[in-house]
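A structural walkthrough
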Amino acid sequence: MAASRGRRLLWHGRCWFSQTESGVPPQPPDSLYPPIVASATAKSKAAKRRRLEHFNQRVHAAASIEEKLRLYGQLQRPKYMLYPQTFALNADRWYRGFTKTVFVPGLPPRAAAAAAAKAPGAVAPEAAETAAGVAPEAAKAPEPGTAAPEAAKSPELAAAAAPYLDMGELRSLACDALLQESFYQNKKRPFLYRDQDHTPGPFLTQLVSTLAAFLCGRNPLLAASSLDLKPEVNYYWHHGEEVVVHGHRKGRVDPVRFQIDDNPHLQIRVPKQLPEIVPLESDLGDVPVIDHKPSKLPLFKKQYENKVYIGSKVADPCCYGHTQFHLIPDKLKRERFVRANLEDQIEVVYRANGIASLFAWTAAQAMYQGFWNEADVTRPFVSQAVVTDGKYFAFFCYQLNTLALTVETIQNNPRKNICWGTDSKPLYDVVEDGSVKGFNDEVLLQLVRFLLNRPKEL
């Protein structure tokens, strides 16, 4: 009896054990110890990676844009100071490599279509806009006494259409501003290397302010814009790696740090963003690969505050860039390059100024919207620039497609920033006996197109 009872207990135990095997296996208990991570202060690669991940988490979790900008520029190390207006030879090629920018000669596609239409007496505002994309036929001036093609179709369109721009009136405004500063006023001789502050600077200020006020009726974006006189624009970024050669951190691998501190003569900020020129992933060329240290350009290092600034604080409603106006200093005038047999470097000065200044301005605008190298832009940022010495004018359009320029983010990033630019052309030949001779309407018309650029919904 005892043996049979023992078999039953064993049988019941076996059945119970087999049922347990058929069920879900039990989960192992959680670890009693925290995970092993690299030291935050060691010199190893794992420690460096952990510090970088912790820094990225802090910036991502920032509660405001101001806090994100403060954390982004918190660590101060020696950095290369990149000057938009530089005497360095072939600086534009180096600047394209530092900013991952493709340079395309000429105007953007839609601006080129509008530039092909020239009207000797009048021009339609739609044809003068850079981003309007109007056919050349729409830019032709109507014959006296005839209505515009759109106005002839329906009276409603005729009532809503803006009046045509009189090219003679625009020319008169520009000539009056030029004569006021170079002929009517009795100015003393300028100080050494201050010729740009004597006549070209006041002329550019009066020309831009006069044209902007005149075109406010055609472009409502200008009416809500903010015109800054000699503002400050800053941008700080990383691109590439280098080995520290001096100091207590000798031998460590650090990112190559850059800082642009720009001071345009004038800039126009607007509350709405300019439309994109090409899609975000467009590839219009190659970016130069620079295998030398930036100090060979030459660029020099300095340690001071890392700053990102568009010319106004984050809370300003005019947080997007429209057009910058840069004045070439007297030390970089074309006459000096001609005397030194460096005529091929004249246009390099204009291109380097346009590329560096517009990259800093558009990148700072993107960071004001919450983007940075670990959270790349989801839409392009477009701005314009006019570089001049008071007589010769060059025009540039820049589209920022990426901020991911660090070693960690640039590897799998096919995007490229794009800059369109023209060669410098004279606005006039000479001022003699109270009259402007050889005035170039094409340069003035391109300046008007830049000022009339606006979003499509406006």
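This write-up is about the structure you can find in this document.

What counts as what
- Residues numbered from 1 in each chain as written.
- Predicted model: local features only at pLDDT ≥ 70, side-chain atom pairs only at ≥ 80, totals over all residues.
- Heavy atoms only, no water.
- Axes fitted to C-alpha atoms, helices over the stretch in contact; angles between N-to-C directions.
- Helix = DSSP H or I, 4+ residues; strand = E, 2+ residues; numbered from the N terminus.
- Parallel < 35°, antiparallel > 145°, perpendicular 65-115°, else oblique.
- Left-handed = near helix turned anticlockwise from the far one by under 90°.
- Contact = heavy atoms within 4.5 Å.
- Salt bridge = Lys/Arg side-chain N within 4 Å of Asp/Glu carboxyl O.
- Buried < 20%, exposed > 50% of the residue type's maximum accessible area, 1.4 Å probe, protein only.
- Pairing = 2+ DSSP bridges.
- Expected span 1.5 Å × (residues − 1).
- 1 Å grid on protein atoms, 1.4 Å probe; cavity = no way out; pocket = protein on both sides within 12 Å on 5 of 7 lines; lining within 4 Å.
- Points joined across faces, edges and corners; volume = space filled by probe spheres on them.
- Nonpolar A, V, L, I, M, F, W, Y, C, P; charged D, E, K, R; others polar.

1. Remarks on the packing of helix α2 (residues 45–60) against helix α3 (residues 65–72)
The N-to-C vectors of α2 and α3 enclose an angle of 160 degrees; their axes lie 9 Å apart at closest approach. The pairing of α2 with α3 is recorded here as roughly antiparallel in orientation. Regarding α2 and α3, the two cross each other, and that crossing is left-handed. Here F55, R58 and V59 of α2 lie close against α3, whose contacting residues are K68, L71 and Y72.

2. Structural notes on the pattern of salt bridges
On inspection of all chains with the given rule, the structure shows 17 salt bridges. Between K437 and E432 there is a salt bridge whose closest N-O contact spans 2.9 Å. K437 gets classed as partly exposed once you look at its relative accessible area, which sits at 38%. Members of the salt-bridge network, linked through shared partners, are D228, R269 and D316.

3. Observations regarding the pairing of strand β2 (residues 101–105)
Judged by how many residues are buried, β2 sits mostly within the fold: four of five residues are covered. Note that β2 and strand β13 (residues 417–421) share five bridges and pair parallel. Each residue of the ladder has a partner; that of F103, found in β13, is C419.

4. Observations regarding α2
Helix length check: α2, at 16 residues, gives a terminal C-alpha distance of 22 Å against a target of 22 Å (1.5 Å per residue), a fit within 8%. If you check which residues of α2 are buried, you get A47, N56 and V59. Taken together, the buried residues of α2 touch α3.

5. Some details on the layout of surface pockets
When its volume is computed, the largest pocket comes out at roughly 1200 Å³. Lining the largest pocket are 37 residues; nearest its centre among them are K48, R51, L52, L75 and R257. Where the lining of the largest pocket is concerned, the elements lending two or more residues are α2, α3, β6 (233–243), β7 (253–262) and α15 (407–410). The biggest single contributor to the lining of the largest pocket is α2, with eleven residues. Grouping the amino acids of the lining of the largest pocket by side-chain chemistry returns twelve nonpolar, nine polar and 16 charged.

6. Brief notes about unusual backbone geometry
With an omega of 15 degrees, the peptide bond between L297 and P298 qualifies as cis. With respect to the helices and strands, P298 occurs in the loop between β8 (266–270) and β9 (300–302). A positive phi is found at N341, a non-glycine position, where the angle reads about 60 degrees. Along the chain, the position of N341 falls in the loop between α13 (334–339) and α14 (346–368). Look at D433: it is not a glycine, yet its phi comes out positive at around 55 degrees. Topologically, D433 is positioned in the loop between β15 (430–432) and β16 (435–437).

7. As for the environment of K333
Within the secondary structure, K333 is located in the loop between β10 (320–327) and α13. Spatially, the C-alpha atom of K333 lies 8.2 Å from that of I346, the residues being 13 residues apart in sequence. Among all residues touching K333, those that are not within four sequence positions of it are D195, I328 and D389.

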